[in-house]
Each structure stands twice: as C-alpha cells, then as structure tokens.
Amino acid sequence: MDKIFIKKLEVFAKHGVFPEENVLGQKFLISAVLHTDVREAGKTDDLTKSIHYGEVSCMMKEHLEGHTYCLLERAVETLARKMLLEIPGLQEVELELEKPWAPIGLPLETVSVAIRRKWHRAYIALGSNMGDKEEYLRKAVKAVETNEDCQVMKVSSFLRTAPYGGVEQEDFLNGCMEVRTLLTPRELLEFIHQVEADAGRERKVHWGPRTLDLDIILYDNELVDELDLQIPHKEMAKRDFVLFPLREIAPFLRHPITKKTVEELAEELTQHYVM
C-alpha cells in the first residue's frame, strides 16, 4: 500500500489530566501516515484519485482543537476513527501526537503516543433454526450494517442444513457475510453476542436450537487462540454449512494456517461425504 506523510503539524489544543491544561491549552504536534492507493493519481495527475493532504491537515487540526481530552491516547484514538470513517480511500492510518510542554517538572524534549489503525476484513457465519429463520438472519445482517464501525460487503444466499452436534432439533438456515470493520476481534465478538442477545438467543444447550447463531470464521490472516474465541474458527473445515456459503462469496480466500482455499476445503469436505 502507498503512503502519504504529514509530519509535525502544529496545533494549539486543550488536552491533559490537569485542569489548567484544559483551560489554558498548549502546543501539540500531530503526524500522520495515510495508507492508500495513489496509482491512479500518479497515472492521471488527478487529485480526486488520491487523498488531499491539505484537507486532512485541516481535519486533524479542527478535531484536536475542537475537543478536550484528558489522555493523548483518547485524542489519537478518536481522530484515527474519524479519519478512517470519513476519508474515502484511506485503508490504514498511523498517528503520533506529541506534547512538547508536558507538565511533569523534568527536562524532556517531548512525550508522545503513536497508534496504527486500519480497516479489517472479517467473515461471519450466520445460522438460525427457530421461528422465522430467514427474518432472524436478515435482521442480523441489518444490525451489522447499522454499526458505524462495520460495513457489510457481501452476503451469501441462505442454505438449509441438517442440525450439527447430535441434538434433536429443526433444520438450520445458514449463510455467511464478509464484513469490513474497525473493530478488534474481541470487540467484534462482543458486538455479535449482543446482536444474538437482541434476537433472543439463549445459551442453554451446547449445539442446541437457537434463534440466531453468529460466529467469526476468519479475521484478516490473524490467529487468535483464547478460551472463548478461536480464529480461524476451529470447526470451519468440518462444517458444510460454513464452507458452502463462504465459498459462494470468497472461493479463493485462503485459510491462514493450512493455506488451502475455501474452494479446496469445501471440495475436500464433499469428497469426505461421498466416501
């Protein structure tokens, strides 16, 4: 990815944990690295094909001078989110906020906080086998769409499948969606759990019937191994109701561990059933 640099833009703002800092204000320096594709701008000499660093500089200045935060961490976090949501073509941003006049009573040049934030790509499996199954799945997609930090890019068709896990229950309706998100894996998990709860999901029987079941299948190429969160989903290669809808929207997506494509995993599972 190409980069545009903005270095040490000077702003006068009112951030700090001491009350006098929030009243009197002081100098800050903000630097940014904008990750974007400038290929078309380079070929056409057209500024609309790139990111206008003058406009971005004004955005950063207005945000930092128009708000008051106790922590530098909060200031850059809110600024990064605003930039990613509002600047077309911005895929990732690195920010460093420097505080040259930090009131700590010791000689120093500056203190600073630097962060890196980006859009991530996640795949979420959907399932329901109670009530109006299709309505539950469509409402789940809508709930994700209404979250400012998420963008639904693709949704598969819905597939009727037999229940998994040996519990007597109705057939499921399953699907998969591709989501562009600013949320971390943990934040995304907490969000989809809330979507499930809003749909009346109750976790009483393992692999039992449910109004709505949402699982993070993949998240970029990240590997997560926590008690309540495993990415890639540990059962994805065994589940036709995950692989078949996922194949529909991302056949050439590769599993970050086995390196096999979703198409290959689905074909292997089909051959297993035939045998």
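Keep in mind the model is a prediction, meaning the values are calculated, not measured.

### Digging into helix α3 (residues 53-66)
- Helix length check: α3 (14 residues) gives 19 Å between terminal C-alpha atoms against 20 Å at 1.5 Å per residue, within 8%.
- What α3 keeps buried is the set Val 56, Ser 57, Met 59, Met 60, His 63 and Leu 64. Buried residues in α3, looked at end-on, bunch into an arc of 160°, giving them a common side. Across from the buried face of α3, at angles greater than 90 degrees, the exposed residues are Glu 55, Glu 62 and Gly 66.

### Examining a nonpolar patch on the surface
- Together, Val 17, Phe 18 and Leu 71 make up a nonpolar patch on the protein surface, roughly 270 Å² of accessible area in all.
- Considering the arrangement of structural elements, one finds Phe 18 in the loop between β1 (2-13) and α1 (19-24).

### Digging into the nonpolar core
- Counting residues in each nonpolar core, the largest one holds 30 residues, and the members touching the most others are Leu 34, Met 60, Met 83 and Leu 95.
- The set of elements that each furnish at least two residues to this core consists of β1, β2 (26-36), α3, α4 (72-86), β3 (92-99) and β4 (111-118).
- The leading source of residues in this core is α4, at seven residues.
- Counting residues in each nonpolar core, the second largest holds 26 residues, with Leu 137, Val 141, Leu 183 and Phe 191 among its members.

What counts, and at which threshold
Residues numbered from 1 in each chain as written. Predicted model: local features only at pLDDT ≥ 70, side-chain atom pairs only at ≥ 80, totals over all residues. Heavy atoms only, no water. Helix = DSSP H or I, 4+ residues; strand = E, 2+ residues; numbered from the N terminus. Expected span 1.5 Å × (residues − 1). Buried < 20%, exposed > 50% of the residue type's maximum accessible area, 1.4 Å probe, protein only. Arc of directions from axis to C-beta. Patch = residues over 30% accessible without salt bridge, like charges linked within 9 Å, V, L, I, M, F, W, Y side chains within 5 Å. Areas by Shrake-Rupley, 256 points an atom, 1.4 Å probe, with all protein chains shown as cover. Salt bridge = Lys/Arg side-chain N within 4 Å of Asp/Glu carboxyl O. Core = buried A, V, L, I, M, F, W, Y, C linked by side-chain atoms within 4.5 Å.

Shape descriptors only; they carry no functional weight alone.
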